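# Geometric and topological summary
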Amino acid sequence: MEYTQLGRTGLKVSRLVLGTMNFGPQTDEPTSHAIMDTALDAGLNFFDTANVYGWAENKGRTESIIGSWFAQGDGRRDRTVLATKVYGNMGVDGDAWPNHDKLSALNIRRAVEASLKRLGTDYIDVYQFHHVDRATPFEEIWQAVDVLIQQGKVLYAGSSNFPGYKIAQANETAARRGSVGLVSEQCLYNLFERRAEMEVIPAAQEYGLGVIPWSPLHGGLLGGVLKKEAEGKRRTEGRAAATLADPASRAKLQAYEDLLDKHGLAPGETALAWLLTRPGVTGPIVGPRTPDQLAGALRALETELSDEVLAGLDEIFPGPGPSPEAFAW
């Protein structure tokens, strides 16, 4: 396993991040535990979750599954860099009270205590803001986080789904307070969706944030979806089905799979390996539902992409270009 430091911190994390969103809704507890054991045995030490994972009436279920895994001991918690998130309303149906979500000091205090209880730990390594809260000033957010850091309940703060200017606002406010500020940004970034290259990733690099891409396979579309579809192994739905219904998008995916067939490369592993070549990227989040899917993701660490393949990928999926040149002279 390769390790790198998370942004400007001294924290060493694996180049792949284990995403746990499927734990509970799609993967039962014993299988979830097996996946985490396999990940840790392979040296993958960076685990990502969120307080709302479990969804619907089971919000918090994913954190509880991780907590029961930590409870098995054998150094599991000590060897894991744990990241979770706060923002979504944790109420169920009519119990969704107005101060049970977003980033007020009140909700941050309430949410972190609830996450710690579910996770069965006394600290969170990276506490991430799951979305921008336009109604709460960063002065209030940092006041709340600084208290948690002083109490030892949180070590670092990160963002998720932040635009570049909000990363700048957050860290400029933190600097005025003498606070550490954001150390990571978790954003949508993959071959198919490269808009983060224009503003988000440059802002993260400027302020020393590690970039943790989510949906590296773009909902499975970059995992060889057309071949699986032809073999009757996959049925697409939702946004993936809408993308495949678009002739231009389908043509791009066909060109992608043809290019990789030519070079004997596996689509999913290639999509992950490409992200590992990108400037500023700490490691993509992989969200396996089964141990076999995790094994495939780990193979990406050994996948080398030639200059010819990288050029071919850029031709099929061109990025937006740098800012401001992409939209100005």
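A brief structural summary.

How each quantity is defined
- Residues numbered from 1 in each chain as written.
- Predicted model: local features only at pLDDT ≥ 70, side-chain atom pairs only at ≥ 80, totals over all residues.
- Heavy atoms only, no water.
- Axes fitted to C-alpha atoms, helices over the stretch in contact; angles between N-to-C directions.
- Helix = DSSP H or I, 4+ residues; strand = E, 2+ residues; numbered from the N terminus.
- Parallel < 35°, antiparallel > 145°, perpendicular 65-115°, else oblique.
- Left-handed = near helix turned anticlockwise from the far one by under 90°.
- Contact = heavy atoms within 4.5 Å.
- Nonpolar A, V, L, I, M, F, W, Y, C, P; charged D, E, K, R; others polar.
- Buried < 20%, exposed > 50% of the residue type's maximum accessible area, 1.4 Å probe, protein only.
- Polar contact = N/O pair within 3.5 Å; in protein donor to acceptor, adjacent residues only side chain to side chain.
- Core = buried A, V, L, I, M, F, W, Y, C linked by side-chain atoms within 4.5 Å.
- Expected span 1.5 Å × (residues − 1).
- Arc of directions from axis to C-beta.
- Phe/Tyr/Trp six-rings, centres within 6.5 Å; stacked < 30°, edge-to-face > 60°.

### Looking at the packing of helix H1 (residues 29-41) against helix H2 (residues 61-70)
Following both chains from N to C, one finds H1 and H2 inclined at 60 degrees, their axes separated by 10 Å at the closest point. Relative to H2, the element H1 lies oblique. Considering how the two elements wind past one another, H1 and H2 form a crossing that is right-handed. Residue-level inspection shows Glu29, Ser32, His33, Met36, Asp37 and Leu40 of H1 in contact with H2, the latter providing Arg61, Ile65, Ile66, Ser68 and Trp69. Per-class residue counts for the contact of H1 with H2 are five nonpolar, three polar and three charged.

### Considering the side chain of asparagine 45
By secondary structure assignment, the location of asparagine 45 is in the loop between H1 and strand E4 (46-48). Given a relative accessible area of 10%, asparagine 45 falls into the buried group. There is a polar contact of 2.8 Å between the side chain of asparagine 45 and the backbone nitrogen of serine 14. Apart from residues no more than four positions distant in its own chain, asparagine 45 is found in contact with Tyr3, Lys12, Val13, Ser14, Leu40, Arg79, Thr80 and Val81.

### Details of the nonpolar core
Ranked by size, the top nonpolar core spans 55 residues in total, and within it Tyr127, Phe129, Trp142, Tyr189, Tyr256 and Leu313 carry the most contacts. Counting residues per element, this core draws most heavily on helix H5 (residues 138-151), which supplies six residues. Among all residues touching tyrosine 256, those that are not within four sequence positions of it are Leu191, Leu222, Pro267, Thr270, Ala271, Leu313, Ile316 and Phe317. Counting residues in hydrophobic clusters, the runner-up holds 21 residues, among them Leu18, Met36, Ile66 and Leu272.

### Digging into helix H4 (residues 105-119)
The terminal C-alpha atoms of H4, which comprises 15 residues, lie 21 Å apart, in line with the 21 Å expected from a rise of 1.5 Å per residue. The set of residues buried in H4 consists of Asn107, Ile108, Ala111, Val112, Ser115, Leu116 and Leu119. Take H4 and look down its axis: the buried residues cluster within an arc of 155 degrees, on one side only. In this structure, H4 carries Arg109 and Lys117 as exposed residues pointing more than 90 degrees from its buried face.

### Overview of the packing of aromatic side chains
Tallied over the full model, the rule gives eight aromatic pairs. Between phenylalanine 138 and phenylalanine 162, the aromatic rings sit 6.4 Å apart at their centres with planes inclined by 55 degrees, giving tilted as the arrangement. With a gap of 24 residues between them, phenylalanine 138 in helix H5 and phenylalanine 162 in the loop between strand E7 (154-160) and helix H6 (164-177) connect regions that are remote in the sequence. Assigned by exposure class, phenylalanine 138 and phenylalanine 162 land together as buried.

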